[in-house]
Amino acid sequence: MRTQPVIGWVTIIGTALSIFLIMVVVMMQQVSILSFAPETHRDRMLYGMFIHIVQPENGGDSSSGMSYQTAKKLYDGLDGVEDISYNNNGVIPCDARGTTDRVISVDLHSTDEAFWRIYDFDLIEGRFYDAAEVGAGSNLAVICESTAAALFGGEHPVGQHFMLDHNDFEVIGIVGDVSPLASKAYGQVFIPISLESWDPEFGNVIASMLVKDGVDFGHISEQVRARYAEFDSELAADGKETVYHGSPYDQETIAGGVDGSNTTPDPESGRRMRMIIYIILLIVPAINLSSMLHSRLRHRVNEIGVERAFGCTRRRIISDIISESLIVTVAGGLIGLVAAIVFAMCYSGLYSDFGDAAVSPSLSMLLRPQTFAYALVACFILNIISAAVPAWQASRLNPVEALNAR
Amino acid sequence: MALIELNGIEKVYRTKEIETTALENVNLKVEKGEFVSIMGPSGCGKSTLLNIIGLLDKPTLGTVSLIGTDCSKLGDTAMSHFRNANIGFVFQSFHLIPSLNVAANVELPLTYRSGIGAAERRKRVDEVLERLGMTHRRRHLPSQLSGGQCQRVAIARAIVGRPSIVLADEPTGNLDSSMGDEVMQLLHDLNRQDGITIVMVTHNEAQARQTDRIVRFFDGRIIS
Ligand SMILES: Nc1ncnc2c1ncn2[C@@H]1O[C@H](COP(=O)(O)OP(=O)(O)OP(=O)(O)O)[C@@H](O)[C@H]1O
Ligand SMILES: [Mg+2]
């Protein structure tokens, strides 16, 4: 940058673009695994989601969500689990009509009372339903703020009644809106889960477990495997057996996509894929930056000769060039990071995976130490691979030839 | 022992097809405090010799000993440190760094020295600039200076690290005669007042005659 400011700017913009692309990918990944309210403990969450049962004799093969009974059999009372909630897998769209008489579509999430303990909802008013109310199948509802406004206009919502697909429900609590990006806690209307099921084994229940701090997930998985074995011995009478697909799943596995109830998710391949994307996104601009730096240094051969004559060591030449290029990379990285954050917040299409609603992460989901750490690491790697070779070449210049270079 | 001692120096440049013998069996001793000029026709090896004395280049054969140190055995880093501590260079084309101002150019050798803080560096830069009458130009860029002023800045840079040896390769070659005389006056001052040993390559017979000794070269060999 000392002699070639124009190329300096081109370099900064090139770096910015590269960091921008990387950070968009990193932030998409982060939003899917890092904790934010109400999923405040994603690092400690495990999910039991499906059951796959086969009948080897007649080739029977069924897989689906679990019934409450199955979920309890496989996941209840495991050692090392702090709390467990049985709730429906995802939301069901329903029609709701309140005092405004307008019919609106709401996302319904049926849960037990433990749901309110393992997730960190912002209770604005009223209360949550308790175990007795869940057991009794009471028509009570906790609804989120914006839904309350839509159903009741300006009226005080707690204590009001509304129709949910032709059933009357009473509002007992109001919670802050939940981002659909919190895919496991999301909902607009929450009601007590019905514990009956159309089938002894299958249903639509998942077990959301909050693991005790410091307990290894492997310890939980081992117990679940043992429960599967127990379940198998029960099913054996009917000539059935389970197929184990690695349950329960952690947040990274969930984020990587659990493709179906009869497949074993492979977070490893997602990780590999991301690594390949990161490498390409770093290598390609690094090659460009490297040749820019190289041509920039060609104009400075004389200077390098002078520096060497006055006692600059080879190592110093290398570290000067690398740190000079680091300033450029970090400046470019900062620009790229800001651009990526703005982009992620504005362009909700990136996150269309999360249901129908187009959602964007909030600034607080994106602005966290990890984001900066990743961006910085990406900058360093970019810097090292782009500057190392030109810097090394510069350090090997013969001082006399460098001084006499035209 | 002499301050500069060259023994049996031979320098052969080998390119794919031709071999050029730039120096052949050169033996030279320069005592402490001497001001020596080197003269000879173009291409006879004067610059090559100066580069070898300055540890910028290695001889094909022979030994270089400076200030009692056998420099033939030093590694690249040690040589860099040695140059930094003991040798100052003045070039025909000044070789100032165009993007750095006068003060920063002069400060350069000190930035490669450990254990000398910013305040001390500044003080030393101010001292030499004052001495060479360039204080009022300390914030100027080299492109804003005349040739004579550039060479003064270059001399300031050569002595800011208080070396015992200054090597000057045609220091007045790019200057008109009055500016050339000024630069010569400065070099003589450094030699007399500071006892700096100077080896200077020149084509100017009159300037050479003002120095303590003239070493004449022809075709890679000392002839007198
Ligand atoms: N890097 C090199 N490769 C090949 N030959 C070289 C190289 N450097 C110098 N020479 C040759 O070595 C000889 C001495 O060169 P040198 O530059 O020392 O001459 P000089 O006496 O300084 O000449 P001038 O007065 O023109 O500066 C010349 O024949 C030159 O062509
Ligand atoms: Mg020469």
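How each quantity is defined
- Residues numbered from 1 in each chain as written.
- Chains lettered and ligands numbered in written order.
- Predicted model: local features only at pLDDT ≥ 70, side-chain atom pairs only at ≥ 80, totals over all residues.
- Heavy atoms only, no water.
- Helix = DSSP H or I, 4+ residues; strand = E, 2+ residues; numbered from the N terminus.
- Rg over C-alpha atoms; globule rule 2.2 N^0.38 Å.
- Buried < 20%, exposed > 50% of the residue type's maximum accessible area, 1.4 Å probe, protein only.
- Contact = heavy atoms within 4.5 Å.
- Areas by Shrake-Rupley, 256 points an atom, 1.4 Å probe, with all protein chains shown as cover.
- Lys, Arg positive; Asp, Glu negative; His and termini not counted.
- Charge placed at Lys NZ, Arg CZ, Asp CG, Glu CD.
- Axes fitted to C-alpha atoms, helices over the stretch in contact; angles between N-to-C directions.
- Parallel < 35°, antiparallel > 145°, perpendicular 65-115°, else oblique.
- Left-handed = near helix turned anticlockwise from the far one by under 90°.
- Nonpolar A, V, L, I, M, F, W, Y, C, P; charged D, E, K, R; others polar.
- Salt bridge = Lys/Arg side-chain N within 4 Å of Asp/Glu carboxyl O.
- Pairing = 2+ DSSP bridges.
- Core = buried A, V, L, I, M, F, W, Y, C linked by side-chain atoms within 4.5 Å.
- Domains from an automatic or database assignment.

*Asks:* How should I be thinking about the overall build of chain A in this particular structure?
*Replies:* Regarding its fold elements, chain A presents 13 helices and 14 strands. Against the 2.2 N^0.38 benchmark of 22 Å for 406 residues, chain A shows a C-alpha radius of gyration of 29 Å, more extended than a compact globule. Along the first, second and third principal axes, the C-alpha atoms of chain A reach 90 × 60 × 35 Å. With 406 residues in all, chain A has 49% of them scored as buried. Nonlocal contacts in chain A, meaning residues at least 24 apart in sequence, comprise 75% of its contacts between residues at least 6 apart. Summed over its atoms, the accessible surface of chain A is roughly 18,500 Å², and 57% of this surface lies on carbon and sulfur atoms. Mean positive and mean negative side-chain charge positions of chain A (27 and 47 charges, respectively) differ by 18 Å.

*Asks:* Explanation requested: the packing of helix H3 (residues 102–111) of chain B against helix H4 (residues 118–131) of chain B in the structure shown.
*Replies:* Angle between the axes and distance between the axes: these two values describe a pair of packed helices. Residues and elements named next belong to chain B. As a packed pair, H3 and H4 sit with axes 9 Å apart at the nearest point and diverge in direction by 125°. Here H3 is positioned oblique relative to H4, judged by the angle of their axes. Here the hand of the crossing between H3 and H4 comes out right-handed. Touching Val 102, Ala 103, Val 106, Glu 107, Leu 110 and Thr 111 of H3 are Arg 121, Arg 124, Val 125, Val 128 and Leu 129, all from H4. By residue class, the composition of the contact of H3 with H4 is seven nonpolar, one polar and three charged.

*Asks:* Whenever I open this one, the environment of Val 26 of chain A confuses me. Can you help?
*Replies:* Residue and element names in this part refer to chain A. With respect to the helices and strands, Val 26 occurs in helix H1 (residues 5–33). Its relative accessible area of 5% is what places Val 26 among the buried residues. C-alpha separation for the pair Val 26 and Ala 375, spaced 349 residues apart in sequence, amounts to 8.8 Å. Setting aside anything within four residues of it in sequence, one finds Val 26 in contact with Tyr 278 and Tyr 374.

*Asks:* What am I meant to see in the pattern of salt bridges here?
*Replies:* A side chain with one charge can pair with a side chain of the opposite charge if their charged atoms come near. Scanning all chains against the criterion turns up 31 salt bridges over all chains. Between Glu 303 of chain A and Arg 300 of chain A there is a salt bridge, and its shortest N-O distance comes to 3.6 Å. For Glu 303 of chain A, a relative accessible area of 4% puts it in the buried group. Taking the relative accessible area as the measure of exposure, Arg 300 of chain A reaches 5% and is therefore buried. Here Glu 120 of chain B and Arg 124 of chain B are joined by a salt bridge, their closest N and O atoms 3.3 Å apart. Here Glu 120 of chain B and its partner Arg 124 of chain B are both found in helix H4, four residues apart, which amounts to about one turn of the helix.

*Asks:* Mind showing me how you'd approach the sheet that holds strand E3 (residues 35–39) of chain B here?
*Replies:* Paired through their backbone hydrogen bonds, the strands of a sheet run either parallel or antiparallel. Residue and element names in this part refer to chain B. The strand order across the open sheet built from six strands is E6-E7-E8-E3-E9-E10, with neighbouring strands paired in mixed fashion. Of all strands in the sheet, those bounded by a partner on one side alone are strand E6 (87–90) and strand E10 (221–222). Here strand E7 (residues 165–169) runs beside strand E8 (residues 197–201); their pairing, made up of five bridges, is parallel. By the bridge assignment for E8, Val 166 is matched with Ile 198. Where helix H5 (residues 147–159) meets the sheet, it contacts E6 and E7, and its direction lies at approximately 170° from that of E6.

*Asks:* Sorry if this is basic, but what is going on with the packing of H5 of chain B against helix H6 (residues 177–194) of chain B here?
*Replies:* Residue and element names in this part refer to chain B. Direction vectors running N to C along H5 and H6 enclose 15°, while the axes themselves pass 9 Å from each other. With respect to each other, H5 and H6 are oriented roughly parallel. As for the relative orientation of H5 and H6, their crossing is right-handed in sense. Facing H5, whose interface residues are Gly 147, Gly 148, Gln 151, Arg 152, Ile 155 and Ile 159, H6 presents Met 179, Glu 182, Val 183, Leu 186, Leu 187 and Leu 190. When its residues are assigned to classes, the contact of H5 with H6 shows seven nonpolar, three polar and two charged.

*Asks:* Would you explain the sheet that holds strand E3 (residues 60–65) of chain A in this entry?
*Replies:* Residue and element names in this part refer to chain A. Spatially, the three strands line up as an open sheet ordered E3-E2-E13, and their pairing is antiparallel. Looking at strand neighbours, the two that pair on one side only are E3 and strand E13 (241–242), the edges of this open sheet. Where strand E2 (residues 50–55) lies against E3, six bridges are found, and the strand directions are antiparallel. When the bridges of E3 are listed, Val 54 appears paired with Asp 61.

*Asks:* Can you walk me through the nonpolar core in this structure?
*Replies:* Where a protein is soluble and globular, its nonpolar side chains tend to be buried together. One finds Met 23, Ile 51, Tyr 75, Tyr 119, Phe 121 and Phe 190 of chain A to be the most contacted residues of the largest nonpolar core, which totals 74 residues. Considering each element in turn, this core owes the most residues, eight residues, to H1 of chain A. When residues of this core are assigned to domains, at least three fall in each of domain 1 (5–37 + 268–404) and domain 2 (50–247) of chain A. Non-local contacts of Phe 121 of chain A, meaning those with residues more than four positions away in its chain, are made with Pro 38, Phe 115, Trp 116, Phe 128, Val 175, Val 178, Ala 185 and Phe 190 of chain A. Core analysis: the second largest hydrophobic core is formed by 51 residues, Ile 317 and Ile 321 of chain A together with Val 36 and Leu 108 of chain B among them.

Honestly, it's all geometry; don't read function into it.
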